[in-house]
Amino acid sequence: MSIDNFMKNSVTGWMSSHGEHSDIVMSTRIRLARNLRGRRFPIAFSPEEAKDVDQLITEALLNSEENGYSYMKVSALPLLERQVLVEKHLISPQLTDPERHGAVLLSEDETLSIMVNEEDHIRIQCIYPGFQLDGAYEKADRVDDYLEKKLPYAFDEQFGYLTSCPSNTGTGMRASVMMHLPTLTMTKQINRIIPAISRLGFVVRGSYGEGSEALGNIYQVSNQTTLGKTEKEILSELKNITLRLIAHERRSRELLMSKSRLALENRLFRSLGTIAYARLLPSEEAARCLSDVRLGIDMDIIQDIDMTILNELMVFMQPGFLQQYAGTELTAEERDIFRAKLFRERLEVGDKRLKEEETGE
Amino acid sequence: MLCEICNERPASVIFTQETMQGSTERHMCERCAFQSKMFHFDPNQEPLSIQQFLSNWLGGSEPFQSQQQAKEPLAEGPECPECGLTFRKFLDIGKFGCSTCYDTFRERLPRLFGKLHNGHSTHAGKIPVSFNELFAVKKRIEEIRLKMQEAIEEERFEEAASLRDEANELKRLLTDGGGGANVN
């Protein structure tokens, strides 16, 4: 398969580099957890109840004016495809467990996914590129309204939407922004910021799992509190925190530029060299170099590379995608070789296209 | 160093076990550690898992239990009639089994939610339209019941019968809507 074709077929809505503050905020996600009244939650229900719930939700959505959804039963998908859905952030790792009888309904542009029988009966998720909290919420809210008209929700006057995990009770809403914060990480300021944010009822974690330093300097900031605040309040608080983080990050970038421009340029160009020419590219190194190159583009130090390509590579560097691109299962070392190959080809394709545009071919 | 259980794979997990005799260090590979009952490990767990939080906070934790067990077993608490979850089990797994659990444990929940949600324990966000409609139907049934009572007392039986039919019709509407309505 040619790399261009592979990319075209695999790119999903939120990977483009559009949206407000898209240099620092990579994507925005809203998730609403809902359950049907009078039915046990997935943790406690039988396979028959699971099938029933799946059928109810799917029928409500597929026979609707909200059309354009495609339905996938998770257990019917090959393992690799499940992994790719996880790496695209369209389903959670938990949903891939065949015991759950999970399914997913995906909108055509993949910005909207509705998980069935995850931890809750329904999880509506909307992912947008860049910083678009209100837009993403409105879209998820509209689907919620629609489903609610067709299906009886488990709701309680005192506790709000009833969810399987007490950490979601109330609004059932988790709003999160994925942020690239390289200079706050370099200057170690992030270590002071994270505890301060957690005192406000929000949580910061690395997008590739826990650990003091986030892989690729990408952090996810999300609300921890779902009870006692309205959706609007949660969104506006998260918006404020995000804007403050953006301002902090921008200030640190300026400071680094004025104090140690040469050292910074040296580091960023070396990383560009690595991803453009390496023959073996382990994932940590790939993530670190991508972060550097992204910073270089944002700061106008590195030109001629399209940011969308970097967003794609961030996703495609993961094991599931690499194996899908290769068309076969790969060992860890084979993946490092393939990752290097994919990066080289992708950057070269981008380079060629830019040159063609310049010469008007 | 090799895993002390399988003696095959390298020991990558080291943890300290506290016993009456003092503490001992155990070395295991990831696979054996995962299967071991001594060590609970879930790769998908959040940094501060809700289970850890609940079990450490409300006394559902195993170390706490072993100290208590000699004297009296820790109370199971109320049991949910719908899914059979006890309050103690809820603290252990950190999840509700169904929406009826919320009713079963209602009295104990505000304190727990307060800890989890920055001091809040009452919902302030979106209310589903259907919930408001449901609430209205319930209220309407209540009104009809009162009228029916009056009619019976004043021996207007024909009117009482038609009121009863009206109430039954509304009740059917409620159960068609999914049953087990949460409006009290």
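Note that the coordinates shown come from a computational prediction; the quantities given were computed from them, not determined experimentally.

With that settled, the discussion passes to the nonpolar core. One recurring pattern in soluble globular proteins is that nonpolar side chains are buried together. Residue and element names in this part refer to chain A. One finds Ile-30, Ile-122, Ile-124, Leu-147, Met-179, Val-221 and Leu-245 to be the most contacted residues of the largest nonpolar core, which totals 52 residues. Excluding residues that lie within four positions of it along the chain, Leu-147 makes contacts with Ala-60, Leu-61, Ile-122, Ile-124 and Tyr-153. Among the nonpolar cores identified, the runner-up in size contains 40 residues, and Val-84, Leu-264, Met-307 and Tyr-325 belong to it.

Once that is clear, we can look at the sheet that holds strand β3 (residues 103–106) of chain A. Residue and element names in this part refer to chain A. If you trace the eight strands from one edge of the open sheet to the other, you get β2-β3-β4-β5-β1-β8-β10-β9, paired in antiparallel fashion. Only two strands of the sheet have a single partner each, and these edge strands are β2 (70–73) and β9 (202–206). Neighbour to neighbour, the strand axes of the sheet diverge by 20 degrees on average, direction disregarded. As defined by bridge partners, strand β1 (residues 25–34) adjoins strand β8 (residues 173–180) across seven bridges and the pair is classed as antiparallel. Residue pairing in the sheet places Ser-27 in a bridge with Met-178 of β8.

With that settled, the discussion passes to the interface of chain B and chain A. If you look at the interface, chain B gives 45 residues, while chain A gives 47 residues. Overall, the association of chain B and chain A removes approximately 3800 Å² of surface from exposure, summing both partners, and the carbon and sulfur fraction of that is 57%. Looking only at chain B, the three residues that lose the most surface to chain A are His-117, His-123 and Lys-126 of chain B, adding up to 19% of its buried area. Taken together, the connections running from chain B to chain A amount to five salt bridges. As a salt-bridge pair, Lys-126 of chain B and Asp-144 of chain A come within 2.6 Å of each other at their nearest N and O atoms. Linking chain B to chain A there are 17 residue pairs in polar contact (both at pLDDT 80 or more). Of all elements in the fold, only α2 (50–57), α4 (87–93), α6 (109–116) and α7 (129–153) of chain B reach the threshold of two or more residues within the side of chain B that touches chain A.

Conventions we followed
Residues numbered from 1 in each chain as written. Chains lettered and ligands numbered in written order. Predicted model: local features only at pLDDT ≥ 70, side-chain atom pairs only at ≥ 80, totals over all residues. Heavy atoms only, no water. Core = buried A, V, L, I, M, F, W, Y, C linked by side-chain atoms within 4.5 Å. Buried < 20%, exposed > 50% of the residue type's maximum accessible area, 1.4 Å probe, protein only. Contact = heavy atoms within 4.5 Å. Pairing = 2+ DSSP bridges. Helix = DSSP H or I, 4+ residues; strand = E, 2+ residues; numbered from the N terminus. Axes fitted to C-alpha atoms, helices over the stretch in contact; angles between N-to-C directions. Buried area = accessible area lost by both parts, 1.4 Å probe. Salt bridge = Lys/Arg side-chain N within 4 Å of Asp/Glu carboxyl O. Polar contact = N/O pair within 3.5 Å; in protein donor to acceptor, adjacent residues only side chain to side chain.

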